[in-house]
Amino acid sequence: MESMLKDFNVPANPSEEVQRRWRKAVGLVRNRRRRFRFVPDLDKRTEARDKLRQTQEKVRLGFNAYRVAFRFIDGVGSGENKQWEEGGEIKFENGLSEEARESGFRIHPDKLANIVHNHEIKVLRSLRGADGVASKLNVVLGEGVKSSDVSIRQKIYGFNRYSEKPSKSFLTLLWEALQDLTLIILIVCAVVSIGVGLATDGWPKGIYDGLGIILSILLIVLVTASSDYNQSLQFKDLDKEKKKIILQVSRDGYRQKVSIHDLVVGDVVHLSNGDQVPADGIFIAGYNLLLDESSLTGESEPVNVNEKNPFLLSGTKVQNGSGKMLVTTVGMRTEWGKLMETLSDGGDDETPLQVKLNGVATVIGKIGLGFAVLTFVVLIVRYLVEKALQHEFTSWSFSDAVKILNFFATAVTILVVAVPEGLPLAVTLSLAFAMKKMMNDRALVRRLSACETMGSATCICTDKTGTLTTNHMVVDKIWLCGNAKEIKGSQGTNTSSLEVSENVLTILLQAIFQNTESEVVKDKDGKNTILGSPTESALLECGLLLGGSFDAQRREVKILKVDPFNSDKKMMSVLVALPGGGNRAFCKGASEIVLKMCDKILDSNGESVQISEEQVKKVTDAIDIFACEALRTLCVAFKDINNTFDDNSIPDGGYTLIAVVGIKDPVRPGVKNAVQTCLAAGITVRMVTGDNINTAKAIAKECGILTEDGVAIEGPVFRSKAPEDMMEIIPKIQVMARSSPLDKHKLVTYLRSMFKEVVAVTGDGTNDAPALKESDIGLAMGIAGTEVAKENAHVIILDDNFSTIVTVAKWGRAVYINIQKFVQFQLTVNVVALMISFVSACVTGTSPLTTVQMLWVNLIMDTLGALALATEAPHDGLMNRPPIGRSVSFITKAMWRNIFGQSIYQLAVLFVLTFSGKKLLKLEGSDADDILQTVIFNAFVFCQVFNEINSRDIEKINIFRGIFSSKLFMGIVVSTVIFQVVIVEFLGAFASTVPLSWQLWLLSVVVGLGSIPVAVVLKCIPVETKPAKHHNGYDLLPSGPGLV
């Protein structure tokens, strides 16, 4: 089978050439519109790509024109500006509705949008910059929009939403389900059959056969469309979740969080490193604000945004720094909104499993087509020979036409059953179900392929902070003036006494409150709220406990320059102008890095004194003691600068060490068990963190990651290793401390290339994007993660919890194995249906199953089978097996064993009933043939019902584990049995059945039930030559009493 699927083996991110190749290889498709509904249209994608390039070129040219003209615009005199101001009110208000004027707005939405789109700096200056625009938008920059004004602003300036393609209605999906070529042929046959039947048998007997076919097709179409509609709703809900972005804005005089969709023109948005700019706007204030505009312009060179270049465009990313912007344009008025409309036409890439099952369906479909044609030929030849032998070859009637029509319908029905149209769609069904359930388990899947790939993960490279730990940080200890002090107290209660001089405390509080990107703000109840990263929030909370005031400290000084924290430098610096004259630089960051920048230390009187080797050793010992207690360590330092400020640099040496801070971040409950679950599942867990190595080792031991034979290494040491040393050390690495994003990327690359590992990587920062892209499964943090990290990830862990990552791995395995179950079940039905129809046609000249009966079997094995088997929830046993290998065959030897074993049993029973049924069952009378046909049909259906139960586990004998907790599975099995009773007992005129006695019902059930002991025997037959690599991670069958 694998050799026939070479064109269908595609990687997770296939090239367009590979995608076109497998599409071309798909030969026999009953319903192309439905089969390829979730497959991207490559032509539309190419068209969208061309539109994107055109738009990017247009924006790029506009930017270049602006930059060239800026030097001239910058020289415009006040006289010309005055000209703009004269009559400006009329110019900007033209077209505004009376309602807008009454609400205090003085600028038309389109005119405001053009200022930003066209980078009209001249016009902006005439309006007196952001303050003037804010005035025309009836907003005070310090307070932001009033919540009561949101609705009127949305009405006048628009909603911050992009137009989307409407989802398909149920009626549309119903119509698509009817596009099945074989069903259309059967409808034509049914209509002809009704016409011929009325002419020969009259009303109502003449319509039963044809009407039965039409009703069966209607049932298939309704069930199929219902399943498809449910899938589309699930994907729609998940798509909404993907687009949810939470922003920080100033409204009603205080900072608060709002959804990107609730943003309005006039909002003051706070931006920080890694954020996506949510709308077009104007720069208000900020530090080192650097934007990546490649999504709009196609150019990778980042752009500085400041007072001279104040325009921000929606869809761009903050690469560095922080700032505030005034929203001027939202939704479809932005250039990004128009781009998003274009990009939505392409669709998501198909997953490798979807492609492979398209290949399986193609191969089996071709075989089925051959059998269908052969069956039709055999039936026709037999019929013609019989007519010739009876000397009736020249005598033809309506009944002969009906016979030949029935032969053709039988052949087409065989094709319906033989072409497993549901195989590729079962993957989509299973993925949609898994994604919805994972959402409930706090994991948002951004890319479908991640659901499959996660089942093969052999290694997880995880962050420490916020993933293994709670991310609820508090300052636990502080080393100051030669002594370590414990910090106690919370929620503003000052129970801490450091017993230091006023000068020392003043400098410490300055370092805490000046050198931070976080803020202490008042909420609507007047209480202090700290907004910012957990580390900085812990420091600010400590400052408040020590009696400091954020607002008072900020009012005292003027901030001249900020060098924000990033994971490469592992520190943050700020330069401020002191009220008494002179400048002071503050620095905080990784303890050993900041300590190396210090040549002085603060003594107990608050004076800077030269630091001795003995004092360096004391500081180092304090850092090590804190780290061994699993505390995150930071050093805080300052430097006074008396010379004139040079805005190009903040000092990188000569600092005075103030304190060493130890921050406590407890390990999350359940993490140790989750790590043990991974290890039992054959998944190696590696901690990759920027923290001190002793802190990392302490946390790793607590989590169960670092073992006695494991290696903990620092990033700089790792990156200096030669390739041959890497081969030896990488398998042993369990902890990498003081790592940079480049170290993480390098580790992932080596694990994938050298060791062929399937690597999952967690990330939260902008600089983690390369590692997330390089990995097989990128896992971004939903709470701490930046928008850049989320955009490059496959899955977003909404609660930042390592245990959730284990849940994702479990679902990944469940998806893969659920599809295998369904494939095993469907292929068994295919083999039996094809063989019984063909052999019976050759021997008896008729098929034992009518068209209506075959259509009912097709519904059982296709849509209902997929719903029952492809949507089962994972169980804990899945994590007691090794990962699914990269190159393992999808249809395993164990599956083939079960398929052929069950097929042989079913065929043996059905052939006995077909050729010796009358004698064995002692059937006599005129209805003996009808009873026998009904028994065969009944037995065949019950064989499939019990084989569906058998398929719940490919290797294990106990197939009933958790069966009653799987409500959908039980519902489908029970519904199938009930409907089978209705067909046999009450719909005989349409389905060509007759009511059966209780003894024959019992016989049918016993025949079906017989497949269960057959399955037990089959599963005791060994098929794998290497026990360690048993069926995709299934552990070996136990022996003795534990066999079940």
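See the structure above.
Residues numbered from 1 in each chain as written. Predicted model: local features only at pLDDT ≥ 70, side-chain atom pairs only at ≥ 80, totals over all residues. Heavy atoms only, no water.

Caption draft 1: Local environment of the pattern of salt bridges. One pass over the full model with this rule turns up 28 salt bridges. Lysine 477 is the partner of glutamate 629 in a salt bridge, and the nearest nitrogen-oxygen pair spans 2.9 Å. Placement of glutamate 629 in the loop between α24 (613-628) and β19 (631-641) and of lysine 477 in strand β10 (residues 474-480) is noted, with a sequence separation of 152 residues between them. Residue aspartate 621 is joined to lysine 617 by a salt bridge in which the shortest nitrogen-to-oxygen separation is 3.1 Å. Pair noted here: aspartate 621 and lysine 617 are both in helix α24, with a separation of four residues, about one helical turn. Look at aspartate 621 and you get partly exposed, because its relative accessible area is 32%. Note on lysine 617: relative accessible area 53%, which makes it exposed. (Salt bridge = Lys/Arg side-chain N within 4 Å of Asp/Glu carboxyl O. Helix = DSSP H or I, 4+ residues; strand = E, 2+ residues; numbered from the N terminus. Buried < 20%, exposed > 50% of the residue type's maximum accessible area, 1.4 Å probe, protein only.)

Caption draft 2: Just the environment of lysine 522, in detail. Take lysine 522: it is sitting in strand β12 (residues 519-522). It is 6.4 Å that separates the C-alpha atoms of lysine 522 and tyrosine 254, two residues lying 268 residues apart in sequence. In contact with lysine 522, not counting residues within four places along its chain, are Tyr254, Lys527 and Asn528. (Contact = heavy atoms within 4.5 Å.)

Caption draft 3: Quick look at the packing of helix α32 (residues 802-844) against helix α33 (residues 851-869). Packing of α32 against α33 brings their axes to within 9 Å, and their N-to-C directions diverge by 170°. Taken together, the axis directions place α32 and α33 in an arrangement best described as roughly antiparallel. Two secondary-structure elements touch here, α32 through Asn818, Lys821, Phe822, Phe825, Gln826, Val829, Asn830 and Ser837 and α33 through Met854, Val857, Ile860, Met861, Asp862, Gly865, Ala866 and Leu869. Residues belonging to the contact of α32 with α33 are distributed by class as follows: nine nonpolar, five polar and two charged. (Axes fitted to C-alpha atoms, helices over the stretch in contact; angles between N-to-C directions. Parallel < 35°, antiparallel > 145°, perpendicular 65-115°, else oblique. Nonpolar A, V, L, I, M, F, W, Y, C, P; charged D, E, K, R; others polar.)

Caption draft 4: A look at a nonpolar patch on the surface. A cluster of nonpolar side chains, Leu369, Val373, Val377, Val381, Val385 and Leu389, forms an exposed patch at the surface whose accessible area comes to about 500 Å². Inspection of the secondary structure puts leucine 369 in helix α16 (residues 352-389). (Patch = residues over 30% accessible without salt bridge, like charges linked within 9 Å, V, L, I, M, F, W, Y side chains within 5 Å. Areas by Shrake-Rupley, 256 points an atom, 1.4 Å probe, with all protein chains shown as cover.)

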